[in-house]
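# A look at the structure
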Amino acid sequence: MQSMTAETVRLYDDRFNAGDSEVMVSLLSEDVAHDLNQGGREVGRKAFLAFMKRMERSYKEKLEDIVILGYGSRIAAEYLVVGTYLKTDQGLPPATGQTYRLPGGAFFELADGRITRVTNYYNLPLWLRLIGAE
């Protein structure tokens, strides 16, 4: 079971890097809980797909140096986000094509072969400094 859950998260991260949000969503349960970095919780595949579409408009990101750890149905992925801020995102400073390299991570919970929770984390004040907002 451990191997299958880790492989599901590995596929999720691989599809993120490929910009394939449709396959990412197919790995989620219908009622997936998505905890946004330093924000609220969104529930469901439809909300997750809308989030991914917004991200694709404003950011071009790849995950590097991915390390996946876990036990049972809970998996964590630590990585380096290498990105470009393409278009101003709501509530954030203006985008001018700034690039950044930012450590981040995600926590996953899985059941019945699907991801039931995704909790994302990165250091927002550090990201703001990296894009020259502070």
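Reference entry: report on the structure contained in this document. (Residues numbered from 1 in each chain as written. Predicted model: local features only at pLDDT ≥ 70, side-chain atom pairs only at ≥ 80, totals over all residues. Heavy atoms only, no water.)

## A word on the overall build of the protein chain
A tally of regular secondary structure across the protein chain gives four helices and six strands. Secondary structure of the protein chain in N-to-C order comes out as α-α-β-β-α-β-β-β-β-α. Expressed as lengths along the three principal axes of its C-alpha atoms, the size of the protein chain is roughly 45 × 30 × 25 Å. Looking at the 134 residues of the protein chain, the share that counts as buried comes to 40%. The contacts in the protein chain between residues at least 6 apart in sequence include a share of 55% that link residues at least 24 apart. As displayed, the protein chain has an accessible area near 7400 Å², and 55% of this comes from carbon and sulfur atoms. Distance between charge centres in the protein chain, computed from 16 positive and 18 negative side chains, equals 4 Å. (Helix = DSSP H or I, 4+ residues; strand = E, 2+ residues; numbered from the N terminus. Buried < 20%, exposed > 50% of the residue type's maximum accessible area, 1.4 Å probe, protein only. Contact = heavy atoms within 4.5 Å. Areas by Shrake-Rupley, 256 points an atom, 1.4 Å probe, with all protein chains shown as cover. Lys, Arg positive; Asp, Glu negative; His and termini not counted. Charge placed at Lys NZ, Arg CZ, Asp CG, Glu CD.)

## As for the environment of Gly40
With respect to the secondary-structure elements, Gly40 resides in the loop between β1 (28-35) and β2 (41-43). The sequence separation of Gly40 and Val25 amounts to 15 residues, and the corresponding C-alpha distance is 19 Å. Once residues within four sequence positions are removed from consideration, Gly40 is found in contact with His34 and Asp35.

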